[in-house]
Amino acid sequence: MRCLTAALSMVSLLGSLPGSMLLAQTPQAPMAHHGLRLPDAFFAGNRAALLAKAKAMGPGTLVVAKSMPTQPSSGDGEHPYRQDSDFYYLTGVEEEHAVALLDADKGTYTLLVQARDPRRETYTGTRLGVAGAKAKGADEAVEYPAAEKTLNEALQRAKRVVFINNFDDAFRLKVLDAVYPKGTVGWKVDYEKILVDGRPIVGEMRVIKQPMEVQMIQRAVDASIEGHLAAMRGSATFTNEGQVAAALEGTVRALGARFLSYQTIAGAGGNGCVLHYPFNDQPITPGSLILMDASGEIGFYTSDITRTWPANGTFTGEQRALYDIVLKAQEAGIQELRPGRPHGASMRAAARVISDGLVDLGLIQGDKEEAFKRGDWNKFLPHGVSHYLGLDVHDAGSYGPADTFHRHAGTRALAAGMVLTMEPGIYIPKGMEGVAAKWQGIGIRIEDVILVTANEPCNLSARLPRRAEDLEALVRGGAKRLK
Ligand SMILES: [Mn+2]
């Protein structure tokens, strides 16, 4: 039994999803999840939890949440529209130009939506409108332009506005101006009116994943695993990074991912040392490693997986020596993802293994204890190794004040229900000073998605091989099949 099934088996919520939506996927028959979404009850529950917090702040509290603004791409084109994660968590609404109002006194949910427009809907499909908004759980719904008045009146009435808006600057100014009008001085200021940034409140709600959310993350992870397998199996015949990226992206799309979790990173050789390498269009030179950090998104839930493998199916001695250090570091880090452990403990554990390993290989000089304290390893591992994952790939929520050890090592104690990545790496770009040429141009990262449970850490992406021999076998097996 996979550890997720074990971790969730006692949770009754599991039963609230239709049977076909449960974890029925097997490695032999990956399940597609086109259009899959969490049920409306999930979003209603999140609104109720936020309303309770808003009510506790005192009478006259209004929550205002704003959807993601649209982004032009070129000409009259727009970037694919992906809803803001906070807004989605509270509403389940995927449409643009939407505003949610939660009145804590009355306990009501009003949704402001763009007007139905037959001509526009000919191009982009049906809009929610008033009926659609109510079907999604709104007590009241108002279309623009009438919605402007509803918003202004609600803002005027409120004593306290809890504002949840991550990206819409124009809307931010509008709300600021309604709460604290421009040019108000002295007797004109309503000193009773309070504006509260609601994002940390929702962020905190999102830290502990509900069982249904963990299941969605598992689906995103499962689809992404298939994407990685496709890229590995094809890589012996690929001549360009673009083919590696395409293998993953085509696979996750076919399994139901409308969006990628983030822009695919598929770097060969030295490009693997560029942490967020965005180009994925260079030739794969013989004998190089491929580092792919890529995942799809299922029902707005992300995955974040990295594998590094030899393009031709055989690690060189240097590649293998470094690879095994990173793998050992990752395992050490995963073991720290337990309730009560501070967030930064995994960073410390992984960095220690990497530092010691690099001393063994002569890439870092001196005594192991001293070398670790000096922090020479930072040159080879210039990033943090563990972040929350959920609706956002770098998910919302605090890690606590940073440990003095590292700026990406938080002091917050982990808890069951958190989902975090574990992603150590070693990067030796071409031309790195003080390093022999044979090590240069090697970039390695291994990343998995881990659920913190009351028991053992649960690696949701464990099905995707990580051991060097298994990766070699996968690449070679793929090449053989294609012959
Ligand atoms: Mn990551």
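No experiment lies behind these values; they were computed from the predicted model shown. (Residues numbered from 1 in each chain as written. Predicted model: local features only at pLDDT ≥ 70, side-chain atom pairs only at ≥ 80, totals over all residues. Heavy atoms only, no water.)

1. Things to note about the overall build of the protein
Then, number 1: Looking only at helices and strands, one finds 14 helices and 16 strands in the protein.
Then, number 2: For 483 residues, the compact-globule estimate of 2.2 N^0.38 gives 23 Å, and the protein sits close to it at 25 Å.
Then, number 3: Here the C-alpha coordinates of the protein stretch approximately 70 × 50 × 50 Å along the principal axes.
Then, number 4: Classification of the 483 residues of the protein by burial places 53% in the buried group.
Then, number 5: Long-range pairs, those at least 24 residues apart, make up 71% of the contacts in the protein with a sequence separation of at least 6.
Then, number 6: When the accessible surface of the protein is totalled, it reaches about 20,600 Å², and 56% of it is carbon and sulfur. (Helix = DSSP H or I, 4+ residues; strand = E, 2+ residues; numbered from the N terminus. Rg over C-alpha atoms; globule rule 2.2 N^0.38 Å. Buried < 20%, exposed > 50% of the residue type's maximum accessible area, 1.4 Å probe, protein only. Contact = heavy atoms within 4.5 Å. Areas by Shrake-Rupley, 256 points an atom, 1.4 Å probe, with all protein chains shown as cover.)

2. Some details on helix H2 (residues 40-56)
Then, number 1: In a regular helix each residue adds 1.5 Å, so 17 residues correspond to 24 Å; H2 covers 25 Å between its end C-alpha atoms and thus fits that length.
Then, number 2: Buried within H2 are the following residues: Phe 42, Phe 43, Asn 46, Arg 47, Leu 50, Leu 51 and Ala 54.
Then, number 3: Gly 58 sits one or two positions beyond H2 and adopts a positive phi of about 125°. (Expected span 1.5 Å × (residues − 1).)

3. Concerning the coordination of the manganese ion
Put simply, the ideal angle at a metal is 109.5 degrees for four donors in tetrahedral geometry and 90 or 180 degrees for six donors in octahedral geometry.
Then, number 1: Surrounding the manganese ion are the protein donor atoms Asp 304 (OD), His 387 (NE2), Glu 423 (OE) and Glu 447 (OE), at 2.0 to 2.3 Å.
Then, number 2: Of note, the donors binding the manganese ion are all from one chain and are spaced D-x82-H-x35-E-x23-E. Linking Asp 304 in the loop between strand S10 (296-297) and strand S11 (306-310) with Glu 447 in the loop between strand S14 (442-445) and strand S15 (448-451), this pair joins segments that are 143 residues apart in sequence. Just as Asp 304 is buried, Glu 447 falls in that class too. (Donors = N, O, S within 2.8 Å, 3.2 Å for Na, K, Ca; no water.)

4. A closer look at the packing of H2 against helix H8 (residues 199-207)
The description of two packed helices rests on the angle between their axes and on the distance between the axes.
Then, number 1: Running from N to C, H2 and H8 point in directions that differ by 130°, and their axes come no closer than 11 Å. Viewed along their axes, H2 and H8 adopt a mutual orientation that is oblique. By crossing handedness, the relation of H2 to H8 is classed as right-handed. When H2 is examined against H8, the residues Asn 46, Ala 49, Leu 50 and Lys 53 are found in contact with a partner set consisting of Ile 201, Val 202 and Met 205.
Then, number 2: Of the residues contributing to the contact of H2 with H8, the split by class is 5 nonpolar, 1 polar and 1 charged. (Axes fitted to C-alpha atoms, helices over the stretch in contact; angles between N-to-C directions. Parallel < 35°, antiparallel > 145°, perpendicular 65-115°, else oblique. Left-handed = near helix turned anticlockwise from the far one by under 90°. Nonpolar A, V, L, I, M, F, W, Y, C, P; charged D, E, K, R; others polar.)

5. Concerning the sheet that holds strand S8 (residues 265-268)
Then, number 1: Pairing in this open sheet of 3 strands is antiparallel, and the strands run S8-S9-S11 from one edge to the other. The sheet is open, and its two borders are formed by S8 and S11, each paired with just one other strand. Pairs of neighbouring strands in the sheet enclose a mean axial angle of 10°, with direction left out of account.
Then, number 2: Against the sheet, helix H9 (residues 211-234) engages strand S9 (289-293) and S11, with an angle of about 15° to S11. (Pairing = 2+ DSSP bridges.)

6. Details of the sheet that holds strand S3 (residues 108-113)
Then, number 1: The sheet built from 6 strands is open, its strands ordered S4-S3-S2-S1-S5-S6 with mixed pairing. One side of each edge strand has no neighbouring strand; the edge strands of this open sheet are strand S4 (140-143) and strand S6 (194-197). The mean angle between the axes of side-by-side strands here comes to 20°, regardless of whether they run parallel or antiparallel.
Then, number 2: Bridge analysis of S3 against S4 gives 4 bridges, and the strand direction is parallel.

7. With respect to the domain arrangement of the protein
Then, number 1: Parsing the protein into structural domains produces domain 1 (40-205) and domain 2 (208-482).
Then, number 2: Taking only C-alpha atoms into account, the centre of domain 1 sits 37 Å from that of domain 2.
Then, number 3: The partner domain 2 presents 16 residues to the 13 residues of domain 1 that form the contact.
Then, number 4: Regarding the contact of domain 1 and domain 2, the summed buried area is about 1,200 Å², with carbon and sulfur atoms giving 54% of it.
Then, number 5: Among the residues domain 1 hides against domain 2, the three largest losses belong to Phe 42, Arg 82 and Glu 204. Together they make up 44% of the total.
Then, number 6: For the interface between domain 1 and domain 2, the tally reads 2 salt bridges.
Then, number 7: We note a salt bridge from Glu 297 to Arg 82, for which the minimum N-O separation is 3.1 Å.
Then, number 8: Applying the counting rule to domain 1 against domain 2 returns 7 residue pairs in polar contact (both at pLDDT 80 or more). (Domains from an automatic or database assignment. Buried area = accessible area lost by both parts, 1.4 Å probe. Salt bridge = Lys/Arg side-chain N within 4 Å of Asp/Glu carboxyl O. Polar contact = N/O pair within 3.5 Å; in protein donor to acceptor, adjacent residues only side chain to side chain.)

8. Topic: the pattern of salt bridges
Then, number 1: All chains considered together, the criterion is met by 34 salt bridges.
Then, number 2: For Asp 324, the salt bridge identified is with Arg 320, shortest N-O distance 2.8 Å. Taken as a pair, Asp 324 and Arg 320 lie in helix H11 (residues 317-334) at a separation of 4 residues, close to a single helical turn.
Then, number 3: Given a relative accessible area of 30%, Asp 324 falls into the partly exposed group.
Then, number 4: A relative accessible area of 26% means that Arg 320 is categorised as partly exposed.
Then, number 5: Between Arg 338 and Glu 456 there is a salt bridge whose closest N-O contact spans 3.2 Å. With Arg 338 in the loop between H11 and helix H12 (345-360) and Glu 456 in the loop between S15 and strand S16 (458-459), the pair connects residues that are 118 residues apart, well separated along the chain.
Then, number 6: Residues joined by salt bridges that share partners form a network here, namely Asp 86, Arg 206, Lys 209, Asp 392 and Asp 395.

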